[in-house]
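Working through the structure, step by step
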Amino acid sequence: MASSADFEQAEKRRDTDHESFLSHKRMRWLKISVALCLIVITSYFLVDVEPRHNGGTWYGYTLGTIGVILIIWLSLLGIRKRNITEGKWSLKAWTSAHVYLGLALVVIGTMHTGFQLGWNVHTLAWALMMLVIVTGIYGVVVYATLPRSLSINMREMTRAQMVEGLAAIDRQIAAAAQPLGRKEADVVIAALEQDVFRAGLLARLTGKYPRCKTKRAIKAFPAGSLNKAEEKVSTLLARRNSQLSQIRRHMRYKALLEIWLFIHIPATIALIAALAAHIVSVFYYW
Amino acid sequence: MPDQYRVAIVGSGPAGLSAAARAAALGMPHILIEKTDHLSDTIFKYQKGKHVMATPSNLVLRSDIDFEAGKREHILGTWDTQIGEHKVNVRLNAEVTGITGETGHFTIELKGGDTIQAEAVVMAIGTQGNPNRLRCPGADLPLIQYQLDDPGEYFDEHITVVGSGDAGIENALGLAADPKQNNTVSILNRRAEFARAKPANVALLEEAEREGRISVRRETNPAEVRANELVLETRDGTEVIKCDRIIARTGSQPPRGFVEDCGIEFTSEERSAFPKLTPSFETTKNGIHVIGALAGYPLIKHCMNQGYDVIEFLNGNADLKPADEPILAEKFAALPGNRSVDEWLEIFRANIVILGELSPLQMRELLLDSDVAAFDSGDVIFVRNDPGSSMFCIAEGSVLVETDPDDRSATVPIEQGSIFGEVGLISGRRRGSTIRAGEPTITLELSRTAALKLIATVPSAGRAVNRITIERQLLQMFGSGLTKEDVSELVEAAEMVEVRAGENVVEEGGEDKDIFVIQQGSMIVEKSLGEKPIFLSYLPAGSYFGEMAVIDGSARTATVKAAIKSEVVKFPGDAFLRLMEKKPALRERALSDMAARRQVNAFVEERKESFSGAVDMYSETAKFLVDNGIGEATDVLLIDETLCVGCDNCEKACADSHDGLSRLDREAGRTYAHLHVPTSCRHCEHPHCMADCPPNAIQRGADGEVFIDETCIGCGNCQRNCPYDVIRMDSVPPKKPSLLSWLLFGAGPGPGEASYDWRKKTAEKRGTEQAKLAIKCDMCAGIDGGPACVRACPTGAAIRVAPEKFLTFTKLVEDVE
């Protein structure tokens, strides 16, 4: 039996209404990482190390250790997300910490270098880290801005319903196009036969499909000079175009929401490899 | 063939077969009469290869024919063989049209004019009934059929489907699905709308109509059937169409009418009532017995046991103990006193007021679905705020109700024979107070289904429960030291009112002076500003309203209407006023409640001018949520689409925490103002899914979650009954390789629900195929940390809330300020 304490806890849980990962617990992780950055920046200027700041001083080693621990922990988000274990963890809290601590790495990592950058494996690790962070910033921006557009565009339809909607229009077009003349029929058939889901990366990201045969088919039925059958096909083609646009916008938003992960994650793996090389070489040549 | 059989068994389902086999084994002259040309039609009609379950597993099978869980074909095959081996006297293709005569010499009339004489009759005809026949000239022609097994077997035909329900539409769609079959399919609907069918089916039909695959004829009746033609009566006159085949799907006639015509009485007028029966299954018509689903036992094992028992009783075996005896004995073993099963049954019946009129057979059935327990003085029976929808009866002893959550010593007793916990049963809400035993006590805990069945089938029990509920609800709501005597005037004057969803109970500006208590369902309070209704608050079951007009004599200040189908209790305002005169504490309480509500009203009035889109928006959002079933929800998943990136991690987490199948569909469902209600269980106060579960496998758990336990037989009733489409039928997939081996080596399908292909192929490969069972959200009961969907959301888009938390006035204030 559940005790009343459990009930109160459940109530508390329900009380937290929708709250974004960015404002999780009143920006707890933003505060923590700002504090961390301030400490690192002030201590960088207060601590006087000989001959100058670089990764090899005791101060540099401290920052490096913090950095490496952070990087490993940040990359574990990928495991946390997929490993649905029991316990009171919240992926939103993890994401929140991931974002703000990840941003703090800009300061920690850069201060660790002491601004000694060059063409070597050490700078490669730093550059990969920055690449991961920059793609991550893009991710935060799209996560914060795009879902609203995604939701507006969906108009309560699921992906499957959109595709089914297109198929239904296509069946009607096929039936309505029977009485058309050879030339008109060919244009319609070309539009129907085109695989609308085969699109290049650029088309997907921009939502612009210059080779769309449906648009071409619409042009083949200019208003004013149409008989009854052509009129019907023309209306249906316009509906097809609007359904296609919705699907394409959906694909575009999804692509924009996901594209950065294709750099963020491989770059993270490369970063960990470079980091390993960096650490091994530092100790080897000590 | 003898002139007169000792027993005629009507219906060859599991109950009838088992009875006939017993009669054959005893050498009793018998005949088994079956309407169709094969045995056990209900199971015969199951889809090919369906896995049939054998529940309850603790019940011993007592029959001359075998039965164990397995494929439909295997079970039917076994029965056919064994009925042959037992030399059972079967008569197929014989539809009984009437039973006349008295015990010792019944005449059974068959369709076609034959009669059969028998001393006794056992009716085991189930509840499926007969399909409604077409009623027009030519209705007996062979081109009419009442069932469609395989739409793929007809080619190049003109086929007309009659009927506008789901069965008719699905048949028509199936016949027209493959253009290669080249069928010309029409469907007739007596009305203009397809109101009885699922919206999804209607949409498919309308699409097929637009595409010209099916001709849909509305407001059209069949007028005459001819050899290759059908005469139609349309709005504009008669029309003749070509027709090679007619599929009539116009519903079926429940068998009750036929049973009553044989002189058998039912327990009540309720649709769910069963025939009145003695412990030996004899009806009010001596010599006619009723067993199986028609007697109220839908499970195969029960039916078969009853078939055996009824023949033993007819054979004079009076000592036979019912097959459930060991189950009951085990239940009662925990009780003190070492009494026999029959003694305990009699104690429960005699001591508990609401059970007074039950027969021993009904008592047995009730006890099978119930729990008995003994408590020592001071033992806690349940705690305030515990979820629970069962009802307790006090067989011996008495209990104490803690009236003040902060003071354990403030209690009110409930005496032997009475009931408690009924508020949870009726309102579906959490327990209102902690209850402990006042002395050594023996209780009977009726499960929700058992209690509801009791209330519905035994009128006296229903009335008693109702009266007690109203009285208790008043005492609990107003507290303030009221006693039963104080509220008796109100209870006497109380009137139960059923309210349809959306119906107004109180109208703004009205002059009526009654007070209402919500017993079941929920209400929303609205106030109109200009022309628009503004949502003020949501009232769950157990709240009262209407007191303002009573206390200060003013007109109604707001409209209260039902969010869902509800039941309210209406009390006359003057009786309430008199009670307030007598009890100053109650007066104070009511005034303070009123002051709070008045504040809300004043707030709205005050801001009337400055009310902006924000309030409108909130009001509309609240309306949207109520329209989407949140009014009957206890806990619902809401997704904020301004935060949702569509990663589906909620679905993946759901699948990975529950046997690899997701119980939620994030994308599907309605959205308003970026607030999305996904297809996921709302854990309704009165779950529709529980309504018709043969093994009673759907329960409300310890945290208020509605879940399906392992006794599910996969019948699919709950899936059909759920208005929100949140239950799926699927088989538990094989275990996936671990996350690490997927990450490192790409083994298996990865996180989340595996594709149907992977599940099917892997199960086949490993030989671990399982039956399809009903699965639904259980709110991650028993999983530390709570619902995985919420924990696994990376952006904070997914939350679970109780409606009274979400639909509050404070949110309105927050949004404005």
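About the criteria used
- Residues numbered from 1 in each chain as written.
- Chains lettered and ligands numbered in written order.
- Predicted model: local features only at pLDDT ≥ 70, side-chain atom pairs only at ≥ 80, totals over all residues.
- Heavy atoms only, no water.
- Domains from an automatic or database assignment.
- Contact = heavy atoms within 4.5 Å.
- Buried area = accessible area lost by both parts, 1.4 Å probe.
- Salt bridge = Lys/Arg side-chain N within 4 Å of Asp/Glu carboxyl O.
- Polar contact = N/O pair within 3.5 Å; in protein donor to acceptor, adjacent residues only side chain to side chain.
- Nonpolar A, V, L, I, M, F, W, Y, C, P; charged D, E, K, R; others polar.
- Phe/Tyr/Trp six-rings, centres within 6.5 Å; stacked < 30°, edge-to-face > 60°.
- Helix = DSSP H or I, 4+ residues; strand = E, 2+ residues; numbered from the N terminus.
- Lys NZ or Arg CZ within 6 Å of the ring centre and 35° of its normal.
- Patch = residues over 30% accessible without salt bridge, like charges linked within 9 Å, V, L, I, M, F, W, Y side chains within 5 Å.
- Areas by Shrake-Rupley, 256 points an atom, 1.4 Å probe, with all protein chains shown as cover.
- Lys, Arg positive; Asp, Glu negative; His and termini not counted.
- Charge placed at Lys NZ, Arg CZ, Asp CG, Glu CD.
- pLDDT = per-residue confidence, 0-100.
- Pairing = 2+ DSSP bridges.
- Axes fitted to C-alpha atoms, helices over the stretch in contact; angles between N-to-C directions.

The name given to chain B in an unreviewed UniProt entry is Cyclic nucleotide-binding domain-containing protein, with the source organism recorded as Pontixanthobacter aquaemixtae.

For chain A, the name recorded in an unreviewed UniProt entry is Ferric reductase like transmembrane component, with Pontixanthobacter aquaemixtae as its organism.

Right, let's get into the domain arrangement of chain B. Residue and element names in this part refer to chain B. Annotation of chain B at the domain level lists domain 1 (5-129 + 254-314), domain 2 (144-252), domain 3 (325-463), domain 4 (489-606) and domain 5 (622-811). Each of domain 1 and domain 3 was reduced to a C-alpha centroid, and the two centroids are 35 Å apart. Taken together, the contacts link 15 residues of domain 1 with 10 residues of domain 3. Together, the buried faces of domain 1 and domain 3 total about 950 Å²; carbon and sulfur atoms form 66% of this surface. Per-residue buried area on domain 1 facing domain 3 is highest for Thr 267, Pro 279 and Tyr 297; these three make up 38% of the total on that side. Here domain 1 and domain 3 share 0 salt bridges between them. Across the contact surface, domain 1 and domain 3 share 0 residue pairs in polar contact (both at pLDDT 80 or more). Among the residues forming the side of domain 1 that touches domain 3, the class breakdown is 7 nonpolar, 7 polar and 1 charged.

What the rule picks out here adds up to 18 aromatic pairs over all chains. Between B:Phe382 and B:Phe420 the ring centres are 6.0 Å apart and the planes differ by 45°, which places this aromatic pair in the tilted class. Of this pair, B:Phe382 sits in strand 21 (residues 380-382) while B:Phe420 sits in strand 25 (residues 419-420), placing them 38 residues apart in sequence. An aromatic cluster of at least three residues, connected via ring pairs, comprises A:Tyr44, A:Phe45, A:Trp58, A:Tyr59 and A:Phe115. Stacked on the ring of A:Trp89, the Lys or Arg A:Arg80 has its end atom at 3.8 Å from the ring centre.

This part takes up the pattern of salt bridges. Here the idea is simple: oppositely charged side chains can pair when their charged atoms come close. If you walk through the whole model with that rule in mind, you get 54 salt bridges over all chains. Notably, a salt bridge pairs B:Arg349 with B:Glu346, separated by 2.9 Å at the nearest N-O pair. Taken together, the residues B:Arg349 and B:Glu346, both in helix 9 (residues 341-351) and 3 residues apart, mark about one turn of the helix. Linking B:Lys761 and B:Asp757 is a salt bridge whose minimum nitrogen-to-oxygen distance equals 3.8 Å. With B:Lys761 and B:Asp757 both in helix 22 (residues 756-766) and 4 residues apart, this pair spans about one turn of that helix. Among the charged side chains, a network of salt bridges with common partners joins A:Glu164, A:Arg171, B:Glu207, B:Glu211 and B:Arg213.

What follows deals with a positive patch on the surface. A cluster of basic residues, A:Arg211, A:Lys213, A:Lys215, A:Arg216 and A:Lys219, forms a positive patch at the surface. Within the fold, A:Lys215 resides in helix 10 (residues 213-219).

This part is about the confidence of the model for chain A. Residue and element names in this part refer to chain A. The predicted model of chain A has a mean per-residue pLDDT of 89, with 94% of residues at 70 or higher. Of all the helices and strands in chain A, helix 1 (residues 4-15) carries the lowest mean pLDDT, 40, while helix 5 (residues 91-113) carries the highest, 96. Note that residues 1-16 has pLDDT below 50 and, in this model, 22 contacts with residues that lie over four places away or in other chains.

For the rest of this paragraph, the subject is the sheet that holds strand 38 (residues 675-679) of chain B. Residue and element names in this part refer to chain B. Here 4 strands make up an open sheet; going across it, the order is 37-38-36-43 and the pairing antiparallel. Each edge of the sheet is formed by a strand with only one pairing partner; in this case those strands are strand 37 (665-672) and strand 43 (798-801). Averaged over all adjacent pairs, the angle separating strand axes in this sheet is 40°, with direction ignored.

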